[in-house]
Amino acid sequence: MPLRCVPKKTGSPRRRLRRFLGESAKLRRLDVARCPLGFESLSERITPATFTIANSTQLQITLDSSEEVTLTTIGSGDSTDGSVLTLSSTTFSGTDDSGTVTGDGTDTLSFANDGSTITSVSITGGGSNTFDLSTTVGDFDAALTINLTSGTAITNSGDFAFAETNTLSVTADGTSVTQSGSLSLNGTAFFNLGSTGDLTLATSLDTNGSTISITNADDVTIIDTDSTGSGTTVSGVLVNGDLSVTNAGSAAGDLSVTVNEVVGTLDANISDAAGGNVSVSVQEAGSITAVNSSDGSGAGITVATTSGDLTISGITQTDSTGTVTLTSNANIYQSGTIDTNGAGVTATSSTGVDIDLSNDFNDFGGGTFTLGGDVADLLLTTETALVLDGGGNTISGDLALIAGTSITADSSGFSVSGAALVRATDDIALTDSSIDLTTLNLQQADSSSSVSVSDASGLTVWGDIAGSLTLDVTDDLILGSGGSFTLGSEGGTITGSTISVVNTTVDLGSGSTTLDVTISSTPVEVTSELGAEAVLTVDSDGTVTIANGIDLDAGSVLGGLGTFDVSSSDTGIVVGSSALVAPVTGSTVGTLSITGDLSFDSDGLFGVELQGSSSFTSVDASGTVDITDADLLIEFDTSSYIPGVGDSFTILTAGSVTGLFANLDSSDRIVANGVTFQVATNSSSTSVTLTVVANAADVDGIGLYRPDTAEFIFNTSDPINSFDASEYFTITFGNADENGFVGDFTGDGSVNIGIRRGEQFIINTSPIFNFDASSFVTVTVGLSTDIPLIGDWDGDGDDDLGLYRADLATYVTINMPTITTGETGDLTDSLGTVRNITFGNPPDSGTDPYTVAAVGYFDDEFTADQIGIMSDGTLDMADVDIASLSAGNSSITAFFQPDPTVFGTTDDQPLNGYWISNSTGIDQRGIFRGSSATFSLSTSTSSTSSVDLVFGLDGDIGIHGRWISLSSSTSSVESATLATSEGLLDAFFADDEEL
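Residues numbered from 1 in each chain as written. Predicted model: local features only at pLDDT ≥ 70, side-chain atom pairs only at ≥ 80, totals over all residues. Heavy atoms only, no water.

Turning our attention to the overall build of the protein chain. Regarding its fold elements, the protein chain presents two helices and 93 strands. Burial statistics for the protein chain: of 995 residues in total, 52% are counted as buried. Long-range pairs, those at least 24 residues apart, make up 44% of the contacts in the protein chain between residues at least 6 apart in sequence. Element-wise, carbon and sulfur atoms account for 45% of the exposed surface of the protein chain, whose accessible area totals about 37600 Å². (Helix = DSSP H or I, 4+ residues; strand = E, 2+ residues; numbered from the N terminus. Buried < 20%, exposed > 50% of the residue type's maximum accessible area, 1.4 Å probe, protein only. Contact = heavy atoms within 4.5 Å. Areas by Shrake-Rupley, 256 points an atom, 1.4 Å probe, with all protein chains shown as cover.)

Next up on the list: the sheet that holds strand S86 (residues 874–878). Ordered by their spatial adjacency, four strands build an open sheet running S84-S85-S86-S88, and the pairing between neighbours is antiparallel. Of all strands in the sheet, those with a lone pairing partner are strand S84 (852–856) and strand S88 (895–896), marking the two edges. The pairing of S84 with strand S85 (residues 866–871) spans five bridges and is antiparallel. Of the residues in S85, the one forming a bridge with Val 852 is Met 870. (Pairing = 2+ DSSP bridges.)

The subject of this paragraph is the confidence of the model for the protein chain. In this model, the protein chain carries an average pLDDT of 88, and 90% of its residues clear a pLDDT of 70 or more. Within the model, the stretch residues 1–45 combines pLDDT values under 50 with 40 contacts to residues more than four positions away or in other chains. Contacts for the low-pLDDT stretch residues 969–995, under 50 throughout, to residues beyond four places or in other chains number 66 contacts. (pLDDT = per-residue confidence, 0-100.)

On to the pairing of strand S19 (residues 199–206), then. It is a general feature of regular strands that their side chains alternate between the two faces of the sheet. Across two bridges, strand S17 (residues 182–184) lies against S19 in parallel orientation. Along S19, the bridge assignment pairs Ser 184 with Asp 206. The pairing of S19 with strand S21 (residues 220–224) spans four bridges and is parallel. Bridge pairing in S21 places Thr 200 opposite Thr 221.

With that settled, the discussion passes to the packing of aromatic side chains. In this structure the tally under the stated criterion is 23 aromatic pairs. Between Tyr 728 and Phe 951, the ring centres sit 6.0 Å apart and the planes meet at 65°, which makes this aromatic pair edge-to-face. Here Tyr 728, found in strand S74 (residues 728–732), pairs with Phe 951, found in the loop between strand S92 (946–950) and strand S93 (957–961); they are 223 residues apart in sequence, far enough to count as distant. Residue classification places Tyr 728 among the partly exposed positions, given a relative accessible area of 46%. Joined through ring pairs, the aromatic side chains of Tyr 705, Phe 712, Phe 714, Phe 729 and Trp 963 make up one cluster. Cation over ring: Arg 756 sits above Phe 761, and NZ or CZ is 4.5 Å from the ring centre. (Phe/Tyr/Trp six-rings, centres within 6.5 Å; stacked < 30°, edge-to-face > 60°. Lys NZ or Arg CZ within 6 Å of the ring centre and 35° of its normal.)

Another point: the sheet that holds strand S90 (residues 926–929). Through backbone hydrogen bonds, the strands of a sheet pair up, either in parallel or in antiparallel fashion. If you trace the four strands from one edge of the open sheet to the other, you get S89-S90-S91-S92, paired in antiparallel fashion. Lying at the two open borders of the sheet, with one neighbouring strand each, are strand S89 (909–910) and S92.

In this structure, the amide linkage connecting Asp 899 to the following residue, Pro 900, adopts the cis form with an omega of -10°. With respect to the helices and strands, Pro 900 occurs in the loop between S88 and S89. Even without a glycine there, the phi angle at Ser 481 is positive, about 70°. Here Ser 481 lies in the loop between strand S46 (476–480) and strand S47 (485–487). The phi angle at Asp 541 is positive, at roughly 75°, despite the residue not being glycine. Checked against the element boundaries, Asp 541 lands in the loop between strand S53 (535–538) and strand S54 (543–546).

Our next topic: the side chain of Thr 232. Along the chain, the position of Thr 232 falls in strand S22 (residues 232–239). A polar contact of 2.5 Å, which involves the side chain of Thr 232, links it to the side chain of Asp 224. In this view, Thr 232 contacts Thr 207, Asp 224, Val 245, Asn 247, Asp 254, Leu 255 and Ser 256; residues no more than four positions away in its chain are not counted. (Polar contact = N/O pair within 3.5 Å; in protein donor to acceptor, adjacent residues only side chain to side chain.)

In the structure shown here, the tally under the stated rule is five salt bridges. A salt bridge links Asp 700 to Arg 962, with the nearest nitrogen and oxygen atoms 2.5 Å apart. Of this pair, Asp 700 sits in the loop between strand S71 (687–695) and strand S72 (701–706) while Arg 962 sits in the segment after S93, placing them 262 residues apart in sequence. On the basis of relative accessibility, which here comes to 5%, the residue Asp 700 falls in the buried class. With relative accessibility at 27%, the residue Arg 962 sits in the partly exposed group. Asp 908 serves as the salt-bridge partner of Arg 929, at 2.7 Å between the closest nitrogen and oxygen. One end of the pair, Arg 929, is in strand S90; the other, Asp 908, is in the loop between S88 and S89, and 21 residues separate them in sequence. With a relative accessible area of 4%, Asp 908 lands in the buried category. (Salt bridge = Lys/Arg side-chain N within 4 Å of Asp/Glu carboxyl O.)

With that settled, the discussion passes to the nonpolar core. Taken as a class, soluble globular proteins show a tendency for nonpolar side chains to be buried jointly. Among the nonpolar cores identified, the biggest contains 166 residues, and Ile 212, Leu 326 and Phe 677 are the most heavily contacted of them. Of all the elements, strand S24 (residues 253–270) adds the most residues to this core, at seven residues. Lining this core are residues from two domains, each supplying at least three of them: domain 1 (106–308) and domain 2 (616–692). (Core = buried A, V, L, I, M, F, W, Y, C linked by side-chain atoms within 4.5 Å. Domains from an automatic or database assignment.)

Within the element layout of this structure, Asn 715 appears in strand S73 (residues 711–715). Since its relative accessible area comes to 0%, Asn 715 is described here as buried. Polar side-chain contacts of Asn 715 include one of 2.5 Å to the side chain of Ser 717. In contact with Asn 715, other than residues within four places in its own chain, are Ile 702, Gly 703, Phe 723, Asp 724, Ala 725, Glu 727, Tyr 728, Phe 951 and Trp 963.

A few words now on the pairing of strand S48 (residues 492–495). In the sheet, strand S45 (residues 468–473) pairs with S48 via four bridges, with the strands oriented parallel. Following the sheet pairing, Asp 472 is matched in S48 by Thr 495. When S48 meets strand S51 (residues 512–516), the two strands line up parallel, connected through four bridges. Each bridged residue has a counterpart across the sheet, and for Gly 492 the counterpart in S51 is Thr 513.

Looking now at the environment of Ile 395. Mapped onto the fold, Ile 395 is located in strand S36 (residues 393–395). On a C-alpha basis, the gap between Ile 395 and Val 375 in space is 5.1 Å, while along the polypeptide they are 20 residues apart. Apart from residues lying up to four places away in sequence, Ile 395 is in contact with Leu 371, Val 375, Ala 376, Asp 377, Leu 378, Phe 414, Ser 415, Val 416, Ser 417 and Gly 418.

Attention shifts here to the environment of Ile 702. Turning to its location among the elements, Ile 702 is positioned in strand S72. For the pair formed by Ile 702 and Arg 962, sequence separation is 260 residues and the distance between their alpha carbons is 8.8 Å. The contacts of Ile 702, once residues within four sequence positions are left out, are Phe 714, Asn 715, Pro 719, Phe 723, Trp 915, Phe 935, Leu 937, Leu 949, Phe 951, Ile 959 and Trp 963.

Right, dumping it as C-alpha cells:
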C-alpha cells in the first residue's frame, strides 16, 4: 500500500486530527527523505463519527469502530440544554444546526431534547463499540435506536429515563446489555442481541407499563420495579438461554410474558407488593417457573404453551383466592414443585397427550383441580388435600391421584380407559355419579377416615383400605385380579350387579362388611384362572354378610377366622371341585364360622391344619354341612408336631352334618404324613372328629428287601397289635442281587432306603412316602465283601453308615455329614469321624463259627447305638458308648447280653427294633428266619414273650423302621454310578489284611 508522510502524532486525539487537517497541503510538498516522521497507511487514519438530520427530526449517527459512546441529557430543551453523546477516541463530523444539533469537529454531540425538534435518534456502530446509557437530567425525549456490529457492551451506568411514548430499540448481535444504574422506560424497548448476547436489566428498571420485546437473546433477566401499578410486559421471539422476569414494583400490577420460544427455563415472578396476575404464554420453553407472591388481591397465574410441551419447574401462588391456569397443546409436565396455597388449578391439554404433575412435594392446598379437556394420562400428587373436577372429560390413558390428606371428586365426573390409582391418608370420595373407571387401585391409610367410590359401569378394584369403605358399582364388580384387596377393621358396604373375586387374595378384615349383589341375586363368585389362586378370607372378629351366598370355583380358597353370613341364601356356600375351605391365616389357627349352609361338589376340599393337640383349625356352621363328596386334607409340620395316638380334633361343628368325606378308606380312616386318623361324626350328626389311631413315629414296622428283584417291601400295619400281611407297599431301587438297607439318613423322622453296590453306598434322600428315585447321594468306602451295618453312631438322631468285615471281626462306624431331603451328589470326601473297632471273633476262627453282626439300642445310658454279634440265639453287645470313641482303631472286649438272653437260633438274622413303646426308648430283640419268612419279635425287654409273623419269601432279608400307616407310590432306578477307587475304610487295614 502507498505510504504518506505524516506528522508524528503527539497530544490529544482532537489536536492530532486538527493538525492533520490543517497542514495537509504542506505535507504533500515534503521530501520523503527529509521527513523525520512516522508513516501509516490510509486505512490507519482516524475516521470521525458522522451525524446527519434526516426528515427534519431524525438524527442519524454513524460511529467509528472501537469507539466508546456515552449518552446523557443536561436538560430538556434545545441543543444547548438537551442531550449529549460523547465519544472516547474520535470526533464528530457533520453539519451543525444551531438549536438542533452541534458537534462537528468535537468529541461531543449536543442535540435538542424537547420532544419535537429531534423525535428519533439512530446510532449505528462501526464494530467493537461500547454504548452506555448514562445520566439524564431531563428525560430523554426521543426514540432511540442502537445498531452495533460486533459490539463490545451496552451498559446503563447512570440514572437514565425516557420521556413518554419514546421507544428504545437495540440491535447488537452477540453483545450483552447490562445495568449498574437505573433505567426508566416510557415506550416499548426492543432487543435483538443474537443467540449469544445476554440482556440483564436487574439493578433498577422501571418499565412504567411499557413492553420489553425480545427478538433474539441468550440469557435474559428482567426485574421491573414499576411504581405505577402498570405491570410488566415482556414479549419476543427467541430466548436461547434462560428467561427470568420479575415484577417487583411497589404498586399492584400484572406480569405478562409472551415469547415464541425459550430454550432454557422461563422464570416469571410477581413480588408480594406488586399484587397482579402472572401470565406466561410461549410456543415452547425448556421449563417454566411462575411465582405470584401477592396475597389478598385475587391475582392468579396463567401459564400456556401453544406448540411444545409445558414443563413446570415451579409454581408458587400465594393468594388462595386467585387461580392457576395451565394450558398446552402438548404434554404438561413438571420438574419442580407446585404450591397453590389452596387456589384453584385448571389444566387443559389435548387429546392423546399427558398431564403429569406428580411431584411428591406439590401442595394444592385443597383447591379444586379442574381438568379442562380430554387427555391421555392424568397424574396428580399433593402433600395436602386434592379436589378434582373432571369436567366430564375423558382420560384415555391412566389416572393417578395421590394426596397427603384427602381426595375428593364429587362435583363433576370423568372417564378413565386405563388404570386408576387413588392414594390418600384420610378420606377418599369419588362419588360423582358420572365417574366411569376401568380398574382402580385404592390405597388409604387412616382407619378413622372413610372411602366412598361410585362407578357408572363395571369396575375391577384392588388395594389396601384402612377406613370404612362404600363401593357402589353399577355393573359387574371384580375384587382383586390386578392385586390383593384388603380391608382393615372398619368394614363397609360393597355393591355390584355381580361381584367376583378373581386370581388374588381378598381379605375383608376384622370389621362388618356387606357384599350386596341383590340387583342380580347371584352368588359372589370366587374364581381362579390361568394358574392363579383366588382367596376370599375374613379376619378374626370380622363378619361378612352375603345375602346370595358364595360359589367357590375350582382352585379357589375360602378361609380366615371370622364369620361368613350366608343365612339369607338358599344355597349358602358351595365349594367346587378342587376348591378349598381352610380356616388358616398365617401361623394362627382357630375357627372359621359360617352362618348358613356349606356344601361340597365332588373333589371339593375341606382343609385342616394341626399345630398341636389343642391347636388346630376348624369350621363352625349354623346350618347344614354336606361333606358327602368332599375330600379331607390334613396338614401338619412333622418337624414341629407329630400327632400322637389318641389325640383327638373336632374339625367341624354344624347344625347338622350330612355324609362323610369321600377320600376315607372302608374303615373311615385317612393317613397323612404317616399318621392314621379315624374320622367320625357324633351321634347327633352335628360334629366331625379326627382321632389318631396309629402313628408312624411310635414304633417300628417290619419289611423286606428282596435281592433278586431289588424290591423294598414295607408292611404298614402294627406288627404287635394289628398285623395284616396284606397291608404293604413296594419300592424298587437299584439292581438285582445288591445289598439293601434302610435308615433315617436325613434326620427328619422319615425312612430312607439305600443299597450297597460293590464298594459304594447309594442312599436315596427322599422319604419313602414321597419317593423320588432320582434323589440320592453316594459314598465309596470299604470292600465289596464288607457287610453294611446301619446305626446312629454319634447320637444326633439320624442314622450313619457302617461296615462289618467278618474275617477280621472288625466293625467300622462312619459319622455322616448332614444330608437334606432331596440332596444329590457324592459325599465320600465329606465324611466325619471314622472308627475301626475290633469286637468278637471271626466266624471261621473255630471259636464261634456262627456269629452274625448285629446293631441295637439296649442301654439308654449310651448316646449311640450299640454293635454286637449273635450266635445260637444269644446276643452279645459291646459294652461301650461308641460316640465316646475317637477316630481310628479300637478294640473292645467288654459286652452285655440284653434280655431275653436266648432268642432265635443259628442262621437267624438279628433284627432288633423298637417294637413296644417304652419310657427308656430302648429296643427289643427280634429275628427274621428267612427259610420260613418268619419274623419273631420280642414284646418285652425282660421276658421271652413274643409274636411270630409270616411275611415274605425264602431268600428275603428282614428290615425294620418307622413306616406304620405310611403309603407311597412305587418307583425304580435301574442303576447308579459305581465308583472304582479304593474307599476311605481301607486306610485302616494293611494291604496284607485284605482279601
